[in-house]
Amino acid sequence: MKRSIAYALALALIGAAVYAAMRTGTAARVCPSFFCPPDRAGELKERTLNEYHYNYKDDRGLPLFSWVYAGFLSDDKGGLYQFSCTYYGEESTYYPGFLVLLKKMNKDGTGGKVIHKFSWKEGPPRFTESADLVRVAAGSPARGFEINVTGSRHTLKVWRGTDFSLDLSFDERMDPVFIYNRGNPIPIPTGGQLYLVDDFMHGEGSLKLGASAARVGADVTHERVYSPIDQWQFTYEDWLCVFHKDFYALLFITGERGLEGGDRHLPDGFVYFRKEKKYVPLDELEVRYAMTAQTRILKKDSPVMMETPVSLSASASGKKLKLSFNFEGMGPPEERELAMTGRGYIEYKGKKTEYDRLLAWEEFMR
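Residues numbered from 1 in each chain as written. Predicted model: local features only at pLDDT ≥ 70, side-chain atom pairs only at ≥ 80, totals over all residues. Heavy atoms only, no water.

*Asks:* What is the right way to look at the environment of Asn326 in this model?
*Replies:* Topologically, Asn326 is positioned in strand E21 (residues 321–329). Residue classification places Asn326 among the partly exposed residues on the basis of a relative accessible area of 36%. For the pair Asn326 and Arg288, spaced 38 residues apart in sequence, the C-alpha separation works out to 9.4 Å. Those residues in contact with Asn326 that sit more than four places away from it in its chain are Arg288, Val310, Ser311, Thr341, Gly342 and Arg343. A distance of 2.7 Å separates a polar atom in the side chain of Asn326 from a polar atom in the side chain of Ser311. (Helix = DSSP H or I, 4+ residues; strand = E, 2+ residues; numbered from the N terminus. Buried < 20%, exposed > 50% of the residue type's maximum accessible area, 1.4 Å probe, protein only. Contact = heavy atoms within 4.5 Å. Polar contact = N/O pair within 3.5 Å; in protein donor to acceptor, adjacent residues only side chain to side chain.)

*Asks:* Explanation requested: the pattern of salt bridges in the structure shown.
*Replies:* If you walk through the whole model with that rule in mind, you get 12 salt bridges. Measuring nitrogen to oxygen at the nearest pair gives 3.0 Å for the salt bridge that ties Lys103 to Glu334. Remark: Glu334 occurs in the loop between E21 and strand E22 (337–348) and Lys103 occurs in strand E4 (residues 97–105); sequence separation between them is 231 residues. Each of the two residues, Lys103 as well as Glu334, counts as buried. A salt bridge links Asp246 to Lys245, with the nearest nitrogen and oxygen atoms 3.4 Å apart. Judged by relative accessible area, Asp246 falls into the buried class, the value being 18%. Here Lys245 falls in the exposed class, since its relative accessible area comes to 60%. Several salt bridges converge on common partners, so that one network encompasses Lys45, Glu51 and Lys57. (Salt bridge = Lys/Arg side-chain N within 4 Å of Asp/Glu carboxyl O.)

*Asks:* For this particular structure, what's the right way to read the packing of aromatic side chains?
*Replies:* A full pass over the atoms with the stated rule returns 25 aromatic pairs. An aromatic cluster is defined as three or more aromatic residues linked by ring pairs; in this entry it consists of Phe72, Phe178, Phe200, Phe243, Tyr248, Phe270 and Tyr279. Arg224 extends its terminal NZ or CZ atom over the ring of Tyr52, reaching a point 4.0 Å from the ring centre. A cation sits over an aromatic face here: Arg224 above Trp67, 5.9 Å from the ring centre. (Phe/Tyr/Trp six-rings, centres within 6.5 Å; stacked < 30°, edge-to-face > 60°. Lys NZ or Arg CZ within 6 Å of the ring centre and 35° of its normal.)

*Asks:* How should the environment of Val136 be read in this particular structure?
*Replies:* For Val136, the position within the fold is in strand E7 (residues 134–140). What makes Val136 buried here is its relative accessible area of 2%. Taking C-alpha positions, Val136 is 5.6 Å from Glu146, a pair spaced 10 residues apart along the chain. If sequence neighbours within four positions are ignored, Val136 has contacts with Trp67, Pro125, Arg126, Phe127, Phe145, Glu146 and Ile147.

*Asks:* I tried to follow the nonpolar core on my own but got confused; where do I start?
*Replies:* Looking at soluble globular proteins, one finds that nonpolar side chains tend to be buried together. By size, the foremost hydrophobic cluster in this structure holds 40 residues, and its most contacted members are Trp67, Tyr69, Phe83, Phe145, Val158 and Leu166. Non-local contacts of Trp67, meaning those with residues more than four positions away in its chain, are made with Tyr52, Cys85, Thr86, Tyr87, Phe127, Val136, Ile147, His222, Glu223, Arg224 and Tyr226. Listed in part, the 28 residues of the second largest apolar core include Leu80, Leu196, Tyr272 and Tyr279. (Core = buried A, V, L, I, M, F, W, Y, C linked by side-chain atoms within 4.5 Å.)

*Asks:* Looking at this model, I keep getting lost on unusual backbone geometry. Mind explaining?
*Replies:* The phi torsion at Asp58 lies on the positive side, around 65°, for a residue other than glycine. Structurally, Asp58 is set in the loop between strand E1 (43–45) and strand E2 (64–75). For Asp58, a relative accessible area of 46% translates into the label partly exposed. If you check the backbone angles, Lys277 has positive phi at about 55° while not being a glycine.

*Asks:* Is there a simple way to explain the pairing of strand E23 (residues 351–364) in this structure?
*Replies:* Look at any regular strand and the pattern is simple: side chains alternate between the two faces of the sheet. Summarising the sheet, E22 and E23 pair through 11 bridges and their orientation is antiparallel. Residue Gly342 lies in a different strand from E23, and its bridge partner there is Leu358. In sequence, E22 turns back onto E23 through a hairpin of 2 residues, with Lys349 there showing a positive phi of about 55°. (Pairing = 2+ DSSP bridges.)

The structure is reproduced here in structure tokens:
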């Protein structure tokens, strides 16, 4: 009897130690690999073209699950647009297939009007792959998109009949790319693994809306997920991407949704200073306030509650970097995406810079 109690006590102590390690970021040093959360630091890694193939690095066990461009367009007449172009695999619990969204924002930041929102489902995108080029095509002359990626060039074309066409060339990219878990596969509690890749890109090109055409600039986050199954695993999970001419910032936040004072974790995040090409990973986050909004998921006609962090602060590198942002939504969310504007500051190595107009894109995953 005493031996059983001793065993139970030992197991409880081990369990408590593992739980504490997972909460404090030391889990990778003390727990079995199948039980460990992803490494929070992420990694900057040189791109290789086979990371854009339909199978990640040509591994048939890691097919493309999603390919996303999301962010903002600005035209030469002062117009601002929320934009996204997405593909999700058949396993997606949201909307398998393709979705394009273009929403023109009001200049006062109160919201906007959806100009184009169209989707279709026709199986996976069509890939052309070689040592020098990856081409991704989806749709038909009626509606679709085409992506071309080489070692030095990345382009995106989106169209819908004669009413809408967007042609972008991304000449400035966060280089190298950011890969979660230091480039290692992320284990999924239900089995399997995934690779999650994010970078920010700036592009320029043309936007045609009916008979009107304009030059545009684009700031988007470009995300690719490779996994054989639907990978969403947290009760609360979102990406918060911040755009400014001086920097990009990404915060990947998980935690417990719907609980008063629910705990929120920062598995990954960074600030990337665009001019200096300087990447600083974040290691602490405080969400001061989260806004709740309701949206509906395309092809799933049921309401979903979004809980979006709109007032937050973070730090990194032993407090050498501190940031504080406050956001407000620019109208209601579209699908799981919310466009936001805000203000705040970044303090880095003793120098504090105030920002009075930040753009942010929030994607809520549960």
